[in-house]
Structures are given as structure tokens and as C-alpha cells.
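Architecture at a glance
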Amino acid sequence: MASLNVGNLGEYLREQRRSAQLSLRQLAEAAGVSNPYLSQIERGLRKPSAEVLQQVAKALRISAETLYVRAGILDEREREERQTRAVILADPSINERQKQVLLQIYDSFRKENGFGAEQDAAPGVVAEADNPEVPPKAET
């Protein structure tokens, strides 16, 4: 079987598994995949699905997005953009309206710089100003 170009995913998984002091069999069991299948992923012979990568990431206690980037499922810029959005949305020091305004500004800068704006938005994140059915939230 020829080796697939999966961005050194297999090598990275092997390093992470060894750092976690897990055998191939232990990781396969923890991730709910077969030992031979995981071995083929590590050797670059198989390209796993996003679901399998998520299971492996959970078992290794690492970011699934990192594995998605290494597997070529997610672009590095997309990952960074999603992380930025997540940080803004998780910030407890600003209210929901402020978060939405900040995301709108972020999107406008990205668009100005030639990157997609709303297409990569997290599902369910709609700016209040863009949705007339959502009344503005009262500040607390």
C-alpha cells in the first residue's frame, strides 16, 4: 500500500501516543477503533475521518482541531479564525451585544484583508444587527 500524504499526521499521532505513555493497543481501545486501523493511520496508509480523529484526540486529551489541520481536513487559517471567535464568545468580561459587535468588526477586517468573513462563522452565531427578529439584549 502506498503512503498517503496526510501532513505527517501519523508521525504526530505516534509522538502524542508515546508522550501519553500509551501502547498502540491501549490508544485504539480508548479511542474505540481497531488496533490495525490505528496502526495504518500512524504509518500513513489510511486517512481517518474527522470522527475517528475526534475520538483519538479525546483519548489522547489533545485538540481535535490540531489533528484536523494535520490531516488536511481543516485549514490552519480556519482553525485560527475559529479559535479567535471562540475566545471572543467565551470572554466573561463583555456582554453578548459587545461580543457580537466585536465579531462584526473582526469579520469586516478579515473581509478587507481578503479573507472570508461570515462563511466560516460558528454555527448559530448570528449578529443581532443582522437578524431583525432578535431584539437587542438589555445590558446588565
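Summarised in this report is the structure supplied together with it.

1. A word on the nonpolar core
One finds Leu9, Leu13, Val33, Leu38, Leu53, Val56 and Leu67 to be the most contacted residues of the largest nonpolar core, which totals 20 residues. For this core, the secondary-structure elements that each account for two or more residues are α1 (9-19), α2 (24-31), α3 (35-42), α4 (50-60) and α5 (64-71). The biggest single contributor to this core is α4, with 5 residues. Apart from the residues lying within four places of it in its own chain, the contact partners of leucine 67 are Leu9, Tyr12, Leu13, Leu53, Val56, Ala57 and Ile62.

2. A word on the environment of glutamine 16
Residue placement: glutamine 16 occurs in helix α1. It is 7.1 Å that separates the C-alpha atoms of glutamine 16 and leucine 60, two residues lying 44 residues apart in sequence. Apart from the residues lying within four places of it in its own chain, the contact partners of glutamine 16 are Leu60 and Ile62.

3. A closer look at the pattern of salt bridges
Counted under the stated rule, the structure contains 6 salt bridges. Glutamate 78 is the partner of arginine 82 in a salt bridge, and the nearest nitrogen-oxygen pair spans 3.7 Å. On the criterion of helical spacing, the pair formed by arginine 82 and glutamate 78 is a turn pair, its members being 4 residues apart in helix α6 (residues 76-90). When salt bridges that share partners are traced, they join Arg14, Arg17 and Glu42 into one network.

4. Quick notes on the packing of α5 against α6
Between α5 and α6, the least distance of the axes is 9 Å, while the angle of their chain directions is 160°. Taken together, the axis directions place α5 and α6 in an arrangement best described as roughly antiparallel. In this structure, α5 meets α6 at a crossing whose hand is right-handed. Along its contact with α5, which presents Glu65, Thr66 and Val69, the element α6 presents Glu76, Arg79, Arg82 and Gln83.

5. Focus on the environment of leucine 74
Mapping leucine 74 onto the fold places it in the loop between α5 and α6. Residue class for leucine 74 comes out buried when judged on its relative accessible area of 9%. Placed 24 residues apart in sequence, leucine 74 and alanine 50 show a C-alpha to C-alpha distance of 9.6 Å.

6. Considerations on α2
Considered for burial, the residues of α2 that qualify are Leu24, Leu27, Ala28 and Ala31. Taken end-on, α2 shows its buried residues confined to a sector of 100°, consistent with a single buried face. When the buried face of α2 is taken as reference, the exposed residues oriented beyond 90 degrees from it are Arg25, Glu29 and Ala30. In this fold, the buried residues of α2 make contact with α1, α3 and α4. Glycine 32, located one to two residues past α2, shows a positive phi value of around 75°.

About the criteria used
Residues numbered from 1 in each chain as written. Predicted model: local features only at pLDDT ≥ 70, side-chain atom pairs only at ≥ 80, totals over all residues. Heavy atoms only, no water. Core = buried A, V, L, I, M, F, W, Y, C linked by side-chain atoms within 4.5 Å. Buried < 20%, exposed > 50% of the residue type's maximum accessible area, 1.4 Å probe, protein only. Helix = DSSP H or I, 4+ residues; strand = E, 2+ residues; numbered from the N terminus. Contact = heavy atoms within 4.5 Å. Salt bridge = Lys/Arg side-chain N within 4 Å of Asp/Glu carboxyl O. Axes fitted to C-alpha atoms, helices over the stretch in contact; angles between N-to-C directions. Parallel < 35°, antiparallel > 145°, perpendicular 65-115°, else oblique. Left-handed = near helix turned anticlockwise from the far one by under 90°. Arc of directions from axis to C-beta.

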